[in-house]
Structures are given as C-alpha cells and as structure tokens.
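Each chain is listed here by its residues.
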Amino acid sequence: MNKRSIVIIGAGLAGLSTGIYAQMNGYDSSIVEHHSKPGGLAAAWRRGEYLIDGGIHFLIAHRPPSPIYDVYTEIGVDVPESTVDMKNYLRFVDDTGEREVDFTSDLRQLEHDLIAISPEDEKEIRQFLREVEWMKDSPLLTDLGMSAAPPELKGRFDSLKELWQMRGFMKYFYGKYSRPAAEFAKNFHNPYLRTMFENLFSPDGPIWFVIMILATVGAGQLGLLKGGCPGFVLPIEQKYKDLGGKIRYNATVDKILVEDDRAVGVLLRDGSEHRADVVVSAADGRNTIFGLLGGRYVDDRIEKVYGTWKQYDPSVIVSLGVARTFKDAAPLNMFMLKDTFLLGQRTIKVLPLRVLNYSDVFAPPGKAVIQVMLETDWKYWTELHNDKDAYDVEKQRVAEMVIQRLERLYPGIRPQIELVDVATPLTTWRYTLNNRGSPMGWLMTKETLMTQLPRRLPGLDGFYLAGQWILPGGGVPGCIYSGRNVVQLLCKEDKRAFRTSA
Ligand SMILES: Cc1cc2nc3c(=O)[nH]c(=O)nc-3n(C[C@H](O)[C@H](O)[C@H](O)COP(=O)(O)OP(=O)(O)OC[C@H]3O[C@@H](n4cnc5c(N)ncnc54)[C@H](O)[C@@H]3O)c2cc1C
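Residues numbered from 1 in each chain as written. Predicted model: local features only at pLDDT ≥ 70, side-chain atom pairs only at ≥ 80, totals over all residues. Heavy atoms only, no water.

**Student:** Honestly, the nonpolar core in this entry has me stumped. Any pointers?
**Tutor:** Taken as a class, soluble globular proteins show a tendency for nonpolar side chains to be buried jointly. Ranked by internal contacts, the top residues of the largest apolar core, which has 111 residues, are Tyr-89, Phe-103, Leu-114, Phe-128, Met-196, Phe-197 and Phe-232. If we skip the residues at most four places from it in the chain, Leu-114 touches Val-101, Phe-103, Ile-125, Leu-129, Leu-193, Met-196 and Phe-197. Val-316, Leu-320, Leu-374 and Val-422 belong to the second largest nonpolar core, which has 34 residues in total. (Core = buried A, V, L, I, M, F, W, Y, C linked by side-chain atoms within 4.5 Å. Buried < 20%, exposed > 50% of the residue type's maximum accessible area, 1.4 Å probe, protein only. Contact = heavy atoms within 4.5 Å.)

**Student:** Help me understand the site of the ligand in this model?
**Tutor:** Among the 35 residues in the neighbourhood of the ligand, the closest are listed as Glu-33, Leu-41, His-57, Asn-434 and Val-476. A distance of 2.8 Å separates an oxygen atom of the ligand from a polar atom in the backbone of His-57. A distance of 2.9 Å is found between an oxygen atom of the ligand and a backbone nitrogen or oxygen belonging to Phe-58. Listing elements by their share of the shell around the ligand, those giving two or more residues are α1 (13–24), α16 (425–432) and α18 (476–493). Broken down by element, the shell around the ligand gets its largest block of residues, 3 residues, from α18. Partitioning the shell around the ligand into residue classes produces 19 nonpolar, 15 polar and 1 charged. If you count residues domain by domain, the shell around the ligand takes at least three from each of domain 1 (5–45 + 227–310 + 440–493) and domain 3 (315–432). (Near = heavy atom within 4 Å. Polar contact = N/O pair within 3.5 Å; in protein donor to acceptor, adjacent residues only side chain to side chain. Helix = DSSP H or I, 4+ residues; strand = E, 2+ residues; numbered from the N terminus. Nonpolar A, V, L, I, M, F, W, Y, C, P; charged D, E, K, R; others polar. Domains from an automatic or database assignment.)

**Student:** Mind showing me how you'd approach the packing of helix α2 (residues 67–74) against α18 here?
**Tutor:** Between two packed helices, both the angle of their axes relative to each other and the distance between the axes serve to describe the pair. Relative to each other, α2 and α18 sit at 65 degrees, their axes nearing to 11 Å. Seen along the crossing, α2 lies across α18 with a hand that is left-handed. The residues of α18 that touch α2, namely those facing Pro-67, Ile-68, Val-71, Tyr-72 and Glu-74, are Val-476, Pro-477, Ile-480, Tyr-481 and Arg-484. In the contact of α2 with α18, the residues fall into 8 nonpolar, no polar and 2 charged. (Axes fitted to C-alpha atoms, helices over the stretch in contact; angles between N-to-C directions. Left-handed = near helix turned anticlockwise from the far one by under 90°.)

**Student:** Can you walk me through the sheet that holds strand β12 (residues 262–268) in this structure?
**Tutor:** Pairing in this open sheet of 3 strands is antiparallel, and the strands run β11-β12-β13 from one edge to the other. Edge positions in the sheet fall to β11 (253–259) and β13 (273–275), since each has one partner strand and no second. Ignoring strand direction, the axes of neighbouring strands in this sheet form an average angle of 30 degrees. Note that β12 and β13 share 3 bridges and pair antiparallel. Bridge pairing in β13 places Val-266 opposite His-274. (Pairing = 2+ DSSP bridges.)

**Student:** What exactly am I supposed to notice about the side chain of Ser-29 here?
**Tutor:** Structurally, the position occupied by Ser-29 is in strand β2 (residues 28–32). We classify Ser-29 as buried; its relative accessible area is 1%. In terms of polar contacts, Ser-29 uses its side chain to reach the side chain of Gln-23, at 2.8 Å. When residues no more than four places from it in sequence are discounted, the contact partners of Ser-29 are Ile-6, Ile-8, Gly-19, Ala-22, Gln-23, Tyr-240, Gly-245 and Lys-246.

**Student:** Got a minute to help me understand the packing of aromatic side chains in this structure?
**Tutor:** To describe a pair of aromatic rings, one takes the distance between the centres and the angle between the planes. Across all of its chains, the model carries 23 aromatic pairs by this definition. Between Phe-290 and Tyr-306 the ring centres are 5.5 Å apart and the planes differ by 70 degrees, which places this aromatic pair in the edge-to-face class. In this pair, Phe-290 sits in helix α12 (residues 285–292) while Tyr-306 sits in helix α13 (residues 300–308), placing the two residues 16 residues apart along the sequence. Of the residues examined, Phe-290 reaches a relative accessible area of 30% and is grouped as partly exposed. Plain terms: the ring middles of Trp-442 and Trp-469 are 5.1 Å apart, the flat faces sit at 85 degrees to each other, and that makes the pair edge-to-face. Of this pair, Trp-442 sits in the loop between α16 and α17 (446–449) while Trp-469 sits in the loop between β20 (463–465) and α18, and the two are 27 residues apart along the sequence. We classify Trp-442 as buried; its relative accessible area is 0%. Each residue in the set Phe-128, Trp-134, Tyr-172, Tyr-177, Phe-184, Phe-188 and Phe-197 is aromatic and connected to the rest through ring pairs, giving one cluster. Directly above the ring of Phe-326 sits Arg-324, whose terminal nitrogen or CZ lies 5.7 Å from the centroid. (Phe/Tyr/Trp six-rings, centres within 6.5 Å; stacked < 30°, edge-to-face > 60°. Lys NZ or Arg CZ within 6 Å of the ring centre and 35° of its normal.)

**Student:** What am I meant to see in the sheet that holds strand β14 (residues 278–281) here?
**Tutor:** Adjacent strands of a sheet form backbone hydrogen bonds with each other and so pair up, either parallel or antiparallel. The 5 strands are arranged β10-β2-β1-β14-β20 in an open sheet whose pairing can be described as parallel. The open sheet has two edge strands, β10 (246–248) and β20, and neither has a second partner. Strand-to-strand twist in this sheet, taken as the mean axis angle between neighbours without regard to direction, amounts to 20 degrees. Bridge count for β2 against β10 is 3 bridges, and the pairing is parallel. Residue pairing for β10: Val-32 is matched across the bridge by Arg-248.

**Student:** Would you mind going over the domain arrangement of the protein chain with me for this structure?
**Tutor:** A common way to express how large an interface is: the accessible area buried when the components associate. Segmentation of the protein chain into domains returns domain 1 (5–45 + 227–310 + 440–493), domain 2 (99–219) and domain 3 (315–432). Taking the mean C-alpha position of each, domain 1 and domain 3 sit 31 Å from one another. With 7 residues of domain 1 in contact, the opposing surface of domain 3 contributes 8 residues. Both faces combined, the contact of domain 1 with domain 3 buries some 610 Å², and carbon together with sulfur accounts for 66% of it. Our count for the contact surface shared by domain 1 and domain 3 stands at 0 salt bridges. Linking domain 1 to domain 3 there are 2 residue pairs in polar contact (both at pLDDT 80 or more). (Buried area = accessible area lost by both parts, 1.4 Å probe. Salt bridge = Lys/Arg side-chain N within 4 Å of Asp/Glu carboxyl O.)

**Student:** Would you take a moment to explain the environment of Thr-424 for this structure?
**Tutor:** Relative to the elements of secondary structure, Thr-424 occurs in the loop between β19 (417–423) and α16. Sequence-wise, Thr-424 and Trp-381 are 43 residues apart; in three dimensions their C-alpha atoms are separated by 7.4 Å. At a separation of 3.0 Å, a polar atom in the side chain of Thr-424 contacts the main-chain amide nitrogen of Leu-426.

And the structure:
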C-alpha cells in the first residue's frame, strides 16, 4: 500500500492522538513541536524536589466500561494504573472558615448540607440535584456524543439517531441550565450559595457543565492523575514512538507551505522545510489560520468565529512547595475570602486551592504541592511585561497576597513554604503558543455548542485541524477524539477501514 505522509503541528494531546491513529492506519507521520517536551497544556515542570503540575485537574470517564475509557486505552494510557478516584469534586468553605460543603458522590448528603445552609432555596437545590441524578445515570455521560463518527462522515440517518440519543441533553443547551454559572447562581437567595454556584467551575461557563461534573463524581467517573500530567502524557508519547512515529522538539512552525491550494508541508523557524502529503495542525487555531496560512483560507463562518467568540480567560498559577501534608484537605477547595484583593481590574473574592498530595510524585514524603489558579486578563500581563521589573514585582505581589490568605486558613504555613513558583498567561503562551494563554480555547456557550467548527478550511486541500480550537471547551477526551476523527476522515478519503490498533 502506498503510504501517505503526514506532518502534524504540535505534540499536545490532539497532535499525539492524531499521530497514534495515523500510525495505526498505515500512514507515515511525524510531529513538529515548539516546546522541548510533549503535552502542550497538559504540562508539568520540576522545581528542585517538587513537581509543579500546571495542567489537567481531573480526568473524565477513567473507569470502564465507556467509549472514552477505551480511547484512553487505545492511545497507550494504563488508566487504572494512572488514576485514583476523585470522590470529592470540591470543598467549598465560607468566609468564616467554619461552614464547609463537600461536593461528593453522596448527593443526598449534599442536598441535606445545601438545604441546611439555605432552606429558602430548597426548591432550586432539589431541582438542580435532580438534574445531576438524571445525568449520572445517562449512558451519554461517559461518551458525550464523541464516540459517534465525525460529522463529515455521518449520513442523515446517523444524525437523526444521534439527535434521538441526545434528546435528554438538549434541555441543557437551550433552557435555564445553558446559562453561565454566574447568571444561574442569581436564582439562589442565599449569598453563600450564590458565590458557591458561581465558582463551582468557571463563572462564565454554562451551569450544565457543573451538573455534568457532579454527575461524573456521582457515577464514580472522575479521576485524579496519580503521576500528574507526565504520568498521562509520557505513555501516549511512548505509544506514538513505538508505532514508528517521529517527533521533533524545539521545532516551531512559522509557515504552512501551500502549492496550488494544497498544503504540502511546513517551514520551521530554523529555515528548514518539512514536506508531506497531508498537514494537520493541532496547534492554536487563530495562529494556524491567520498566521501560518496568512488568512487566505477563510469564509464568513470562520471570520465570525474568530471575530466574535469568547475564549476562556487565562490564569495566573501560584504553586507552593510546602513541608506539610494537608492530610484532610480535598484535592480541590474553594475558600471565600473575607479580605479580597485586586488582580489587575479584578477583585479576587474566592481562592481556589488545589492540593497535590494524593501521590508521591509531586513532593517527597511529609511535603506537598499546593496551587492557587486565578483567572486574569491577558492584556494586564502583556502590558506589565513591557517593564520586566514591574512584571516580576507583580508576580511576587500576587504570591504574597495568596500566602497571606493561606496563613489564615493554614496557620503556621509561611515558614513551611520551601518553594514559590508563579506562572502567568505569558508563561502559558510561551510554552504552548495558545492565543492569549487560553487554557481551554473557546468558551462554551449556547451558540458555540451548537456550531460545528470545520476540520478543513475552504479552498485548501491536504489540510486538517485538530485540538481544542475546533471544539468549544477543549478538554482531554475531546482533544484526543479530535485527532482520532482526523484520521477517520483520511481513511475515508483513502477508502480504507479505520483501525484502532496497530
Ligand atoms: C491548568 C489547566 C487545567 C486543565 N484541566 C483540565 C481538566 O481537569 N480536564 C480536562 O479534560 N481538561 C483540562 N484542561 C484542558 C486540556 O488540558 C486542554 O484542552 C488540552 O490539553 C488541549 O490539548 P491540545 O492538544 O488541543 O492543545 P495544546 O495542549 O495547546 O497543544 C498544542 C501544541 O502545539 C504546539 N504548537 C503550537 N504552535 C506551534 C507551532 N507554530 N509550531 C510547533 N508547535 C506548535 C504547542 O507547543 C503545544 O504543545 C486544562 C487546561 C489547563 C491549562
């Protein structure tokens, strides 16, 4: 069989997945990656004896049987070995530090706790948890409609069948649960509940996404990565290499080469050309379309998406290596602050705290890494960066604001802090080239969720897109599926059956 060659831009989850399925299906693929290691946003970095994990907080569908689980396995992840159950999604602590609510799989307990805080919100609480209960039992929870063929390969009958399967989910895309969490939270009378529901995930994201996460906890389908991001990403990279795939690191693509409206390869920053029959970009969408391709292959739909859609805001991540174990802490905590502080134009009212003490990869015995991730503004940090000293001073100030508040929550913590690491949106951009340091691409909204983003560009042959910029909300399963889908399309073009093993 004549092997078509493929060059893939980016060794994030989408790029690696594209490569793996390409190799499984007899293509001759190679990946060019800007950074010195794989994973993209699924990133971690070593600081002395601490491993700072700056990516994936939890993995959806980490237990069999589920189509998503099968896909993790296909691409080389030993999921039971790499994960532990996340039994408590989030602990929410009020500003007195005394009232706390655990969002665990025990929905009856959760209902009881929430109603005890706010009896006047009983009806809304019960209704909300009824949705969680319903979704928990839906087979679509661990599939999310992803295992179906990519839209380009669906016939009318498949689309109708899918609509029928998804019918129960449609209410989330239109009704009250499609609203952003911040808006939905206004339904509650109690201010503590309001803050809670606003901050269970992103305030800008739809509340049904929170329902879905709570349902996955309820169904025992949310896992923590024992080995952090490297424990998940490195086996995937290894699988790709074992299948004969080649990766070039520190190789930034500056241009996609096009001849007669067909992509024929890439031009790297070092001036070298890398030619192939097919080019797949699993890198930032805007840079790919308007930068690497010079904006020559766009239509009204693409202009509209890139001109009007909102992205997830970037974050500043303060990580601390601490000689303390945080024995009873939940992996994710949200503390309401009595003394708020300013981050650029934003007032920080809650402190989201991630505690990485559930495996020994993050810190030596008796120690742990804890992390506060605050949504922030790209412009604020880029303007600051014009004056490197001011930028560094602001990083230190944010760390100090965080430590001061943690000292109240965990008295005696300051002298136990052995390491302070601050990553800004510019750090994320520098290592992944994602537009404005966005952690998950397009914000999920009613409009974005109902729009199919094209995997191909109008007028350009031999070219495909994969990754978080073609599916609002990004996320691990979706990005992996996006790579798989590209290879399904290639197989269809080449009239060969799609394979999921070597
Ligand atoms: C802090 C954080 C927490 C998260 N938590 C979760 C979670 O708990 N659960 C979940 O499901 N998802 C989570 N996500 C989202 C998820 O990690 C991402 O959506 C997903 O990893 C994106 O994968 P990707 O391959 O599409 O893109 P990326 O990871 O951005 O990969 C793109 C790759 O392309 C490379 N690249 C870009 N431009 C070029 C170029 N010109 N030349 C060469 N290479 C280039 C980049 O260096 C990068 O490696 C989180 C994200 C972040 C940042």
